[in-house]
Amino acid sequence: MVAVALSIKTGRGNYRLNLAAPAERDPDGILLTLVLERADGIERVAFRCRIASELVTQDVDEETLLTRLSPWIEREFEMTRENALKTIRSERKMLELSFDASNRGPF
Amino acid sequence: MSLQLIRPDINLDFVGKRHFFVILSTAINIAAILLIVFKGLNYGVDFVGGSVVQVQFTNTTNADSIRRSLGGLDLGEITVQDFGSGGHSYLLRFEKVKNIAGLGPTLEAELAKTFGTNDVKVVRVESVGAKVGSDLRRRGFFAVIVATIFMGIFIAIQFRHVSWSFGTGAVIALIHDVLVVTGALVIAQLQFDLTTLAALLTVIGYSVHDTIIVSDRIREDASKRRREPIATIMNRAINETLSRTILTSGTAIMVLIALLIFGGPILRPSAFTLLVGFITGTYSSVYIAGPVVLFWEGRTKVGSLSSRAA
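Rules and cut-offs
Counting from 1, residues in each chain are numbered in the order their sequence is written. Chain letters start at A and ligand numbers start at 1, both assigned in the order the entries are written. Per-residue local features of the predicted model are confined to residues with pLDDT of at least 70, and side-chain atom pairs are confined, for both listing and counting, to 80 or more; whole-chain, interface and lining totals are unaffected and use all residues. Under the DSSP-based scheme used, a helix requires at least four consecutive residues in state H or I and a strand at least two consecutive residues in state E, with every element numbered from the N terminus. Only the C-alpha atoms count toward the radius of gyration. The rule for a globule is 2.2 Å times the residue count to the power 0.38. Each residue is represented by a C-beta atom placed from its backbone, and any two residues with such atoms within 7 Å are regarded as in contact. In the scheme used here, Gly and all other residues not listed as nonpolar or charged are polar, with Ala, Val, Leu, Ile, Met, Phe, Trp, Tyr, Cys and Pro taken as nonpolar and Asp, Glu, Lys and Arg as charged. Whether a residue is buried, exposed or partly exposed follows from its count of other C-beta atoms within 10 Å of its own C-beta, namely 20 or more, 12 or fewer, or something in between, respectively; the C-beta atoms are built from the backbone. Two strands form a pair only when DSSP identifies at least two bridges running between them. Segment limits for the domains were obtained from an automatic or database-derived domain assignment. Confidence per residue, as judged by the predictor, is encoded in pLDDT with a range of 0 to 100. The span you would expect from a helix comes to 1.5 Å times its residue count less one. Bend is computed residue by residue as the angle between axes fitted to the seven residues ending at the residue and the seven residues starting at it. Interaxial angles span 0 to 180 degrees and are taken between N-to-C directions of axes, which are lines fitted to C-alpha atoms, for helices over the stretch in contact. Oblique is the label for every angle not falling under 35 degrees (roughly parallel), over 145 degrees (roughly antiparallel), or within 65 to 115 degrees (roughly perpendicular). Left-handed describes a crossing in which the near helix is turned anticlockwise from the far one by less than a right angle; the clockwise case is right-handed. Nonpolar core, as used here: buried Ala, Val, Leu, Ile, Met, Phe, Trp, Tyr and Cys residues forming one set through C-beta atoms within 7 Å.

K.L.:
Sorry if this is basic, but what is going on with the overall build of chain B here?
P.N.:
Along the backbone of chain B there are 11 helices and 6 strands. The C-alpha radius of gyration computed for chain B amounts to 25 Å, which surpasses the reference 19 Å derived for 310 residues by more than 25%, pointing to a less compact arrangement than a globule. Seen along its three principal axes, the alpha-carbon backbone of chain B occupies a region of about 80 × 45 × 30 Å. Looking at chain B alone, contacts between residues at least 24 apart form 78% of all its contacts between residues at least 6 apart.

Written out as C-alpha cells, the structure reads:
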C-alpha cells in the first residue's frame, strides 16, 4: 500500500488525502479506499473511488492515481466531504465516487 | 364521503378536568427539572467537546473487544456504541482526548493489532473543542429561551384585544413542553446534540401553532356568545377544533413514529424529541394554555372576555 499523503488546501484548512487500504483491482476497474483527514487531525472521513477500466490501465500504480485524483478532490472538496460524511453518518457505508466514460472526473 | 373522526356536536368536558391535568403537568414538570438537574442530559460532542470516531470492521465484533483493544491508549473515558450494522460498525466517543491530532491513525493502528490491518477502518472522525462545545451549549439554551419568549410576545400582541393572558398561557405551555421533552430525553438517555436542539425548537414552533388554533377559536366564539361564561366558551372552542387537532397531530405523529423506527440511530434522538414534543404540544394547548387564560380571566366578571372580543 502506498504511504504517500497528498496535501489539499481547502476553505476548511489543510487536509491530507491518502489511501486507507490497498487498491482493489478487477477487470472492470480499480477501487480505491481514500481518507481525507484535516492536518490537525480533528476531522477524518473515508470514501471510495471506483475508476473504470476504460479510463486507466490495470498496472497503473496507486501513487499515480492519487496524484491524478488530488486536484479534482481539492476542487470538489466541499461536495465530496459533505457527501462522504452524510453517507457514513446516515447510511453507515462509505460514499462511492464512480468515474467512467460518462463521468471521467480527473481521468 | 367525508373523513369524520369526531362528531361535529361532540362536547367533552376538557375545562372541567383542568385541575387534575394542571396538577399532573406540574408534577411531571417538577420531575423533569429534578431529572435535568440530578441526572442530566446525555450531551453530544457538539455541546461538551471531544471526538466521535466511526469505525468499520470487516468481521463482526463487540463493544467489549473494542474497549479492551484500546485499553493501552490513554484516551480517557470511551463510549462504544453499536452503530446498527450488526456488529460491523461502531461509534466511539472520547470526551477528553489530550492529543486530537493523529487520533484517527492512532486508533486505526491500535485496533489493527487486535482485528487485523485490513479488517478495521476509521471511516469518520469529528471533533469539537471543549470551549466551542460549552459555547454552543450556552447559545442553544439561549435560543430556546428567546424562541419561547418571542412566541409568547407574538401571541400576546395578536390576542391583545381579547386578553393579554393568551400570551402568558402560550409561554407557560411552551415551558411545559420544553421541560417534558427534555425530561424524556434524560430518561431515554438519547444524545442531545445540535440536531436534537433543532428538533426542540421545532417543537416550540409546533406547540405554539396548535395553541394559536385553539386560542383563535376562543376569540371567535367569545365575540359570538357574549353572555356565556369563559369556561363554556373555552370548552366549546376546544371541542370545535378537536377534529382538526387529532387529524393534524395524528398524521404528523404517524410520520414521526415511522422515522423513529426506521430512521436509524442518527435520526433517533431528533425523531424522539419531535414525537414527544408533538404529543405534549397538542396536550398543552388544551390543558395548559387554556387553564392559564381561565385562571387569569376567572378573576374578572363573567362575559368580560366576550365583550372585549367583540
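K.L.:
Would you take a moment to explain the interface of chain A and chain B for this structure?
P.N.:
Accessible area lost during the coming together of the parts is what is often quoted as the interface size. The interface of chain A with chain B comprises 16 residues on the first partner and 20 residues on the second. Those elements that provide at least two residues to the side of chain A that touches chain B are strand E2 (13-26), strand E4 (43-52) and helix H2 (77-91) of chain A. Within the side of chain A that touches chain B, the residues separate by chemical class into 8 nonpolar, 2 polar and 6 charged.

K.L.:
Got a minute to help me understand helix H10 (residues 289-297) of chain B in this structure?
P.N.:
Residues separated by three or four positions in an α-helix point in the same direction, a consequence of the helix having 3.6 residues per turn. Taking burial as the measure, the 9 residues of H10(B) include 7 buried ones, the bulk of the element. Within H10(B) the residues assigned to the buried category are B:Ala289, B:Gly290, B:Pro291, B:Val292, B:Val293, B:Leu294 and B:Glu297.

K.L.:
Please clarify how the pairing of strand E5 (residues 120-128) of chain B should be interpreted in this entry.
P.N.:
Successive residues of a regular strand alternate their side chains across the two faces of the sheet. Taking burial as the measure, the 9 residues of E5(B) include 8 buried ones, the bulk of the element. Pairing geometry for E4(A) and E5(B), over 3 bridges, is antiparallel. What sits directly across from A:Glu43, in E5(B), is B:Glu126. With 8 bridges connecting them, strand E2 (residues 50-57) of chain B and E5(B) associate as antiparallel partners.

K.L.:
How should the domain arrangement of chain B be read in this particular structure?
P.N.:
By domain assignment, chain B separates into domain 1 (15-44 + 132-309) and domain 2 (50-128). Centre-to-centre separation of domain 1 of chain B and domain 2 of chain B, based on C-alpha positions: 41 Å.

K.L.:
Any chance you could explain the confidence of the model for chain B here in plain terms?
P.N.:
Close inspection of predicted coordinates is inappropriate in any region flagged by low pLDDT. Per-residue confidence for chain B averages 85 on the pLDDT scale, and 92% of its residues sit at or above 70. The ipTM for the predicted assembly is 0.76, set against a pTM of 0.74.

K.L.:
Can you help me understand the environment of B:Ile253 in this one?
P.N.:
Tracing the backbone through its elements, the reader meets B:Ile253 in helix H8 (residues 230-262). Residues contacting B:Ile253, with those up to four places away along its chain left out, are B:Leu275, B:Phe278 and B:Ile279.

K.L.:
I would appreciate a short explanation of H8(B) in the present structure.
P.N.:
All names here are of chain B. Taking 1.5 Å as the rise per residue, H8 with 33 residues should run 48 Å; its terminal C-alpha atoms sit 45 Å apart, in good agreement. Along its length, H8 reaches its greatest deviation from straightness, about 45°, at threonine 241. Along H8, the residues that are buried comprise Ile230, Ile233, Met234, Asn235, Ala237, Ile238, Asn239, Thr241 and Leu256. Remark: glycine 264 follows H8 within two positions and exhibits a positive phi of approximately 85°.

K.L.:
What should I look at first to understand the packing of helix H7 (residues 194-224) of chain B against H8(B) in this one?
P.N.:
Helix packing for two helices is described by the angle between their axes and how far apart those axes are. Residues and elements named next belong to chain B. Two elements in contact, H7 and H8, have axes separated by 8 Å at closest approach and are oriented at 135°. Here H8 runs oblique to H7, going by the angle between their axes. In terms of crossing hand, the pair formed by H7 and H8 is right-handed. Facing Asp210, Ile213, Val214, Arg217, Ile218, Asp221 and Ala222 of H7, the residues of H8 in contact are Ile233, Met234, Arg236, Ala237, Ile238, Glu240, Thr241, Arg244 and Thr245. For the contact of H7 with H8, the class distribution of residues is 8 nonpolar, 2 polar and 6 charged.

K.L.:
Any chance you could explain the environment of B:Ile175 here in plain terms?
P.N.:
Assignment of secondary structure puts B:Ile175 in helix H6 (residues 165-188). For the pair B:Ile175 and B:Asp119, spaced 56 residues apart in sequence, the C-alpha to C-alpha distance is 49 Å.

K.L.:
So what exactly am I meant to see when it comes to the pairing of strand E4 (residues 89-94) of chain B here?
P.N.:
Residue and element names in this part refer to chain B. Among the 6 residues in E4, 5 count as buried, and that is most of the element. Pairing between E2 and E4: 6 bridges, direction antiparallel. In the strand pairing of E4, valine 55 is matched with tyrosine 90. Inspection of the sheet shows strand E3 (residues 78-82) paired to E4 by 5 bridges, in the antiparallel sense. If you follow threonine 79 over to E4, its bridge partner there is arginine 93.

K.L.:
Explanation requested: the nonpolar core in the structure shown.
P.N.:
Burial of nonpolar side chains together is a common tendency in soluble globular proteins. Residue and element names in this part refer to chain B. One finds Ala170, Leu174, Val181, Val203 and Met234 to be the most contacted residues of the largest nonpolar core, which totals 56 residues. Counting only elements with at least two residues in this core, the list comes to helix H2 (45-48), helix H5 (130-158), H6, H7, H8, helix H9 (264-287) and H10. Top contributing element to this core by residue count: H6, with 13 residues. Once residues within four sequence positions are removed from consideration, valine 203 is found in contact with Asp177, Val181, Thr273, Leu274, Gly277, Phe278 and Gly281.

K.L.:
Is there a simple way to explain the environment of B:Tyr206 in this structure?
P.N.:
Residues and elements named next belong to chain B. Within the secondary structure layout, tyrosine 206 lies in helix H7. Here tyrosine 206 falls in the buried class, since 21 other C-beta atoms lie within 10 Å of it. Each C-alpha atom, one on tyrosine 206 and one on tyrosine 90, is 34 Å from the other, the two residues being 116 residues apart in sequence. Ignoring sequence-local partners within four residues, the contact set of tyrosine 206 consists of Gly277, Phe278 and Gly281.

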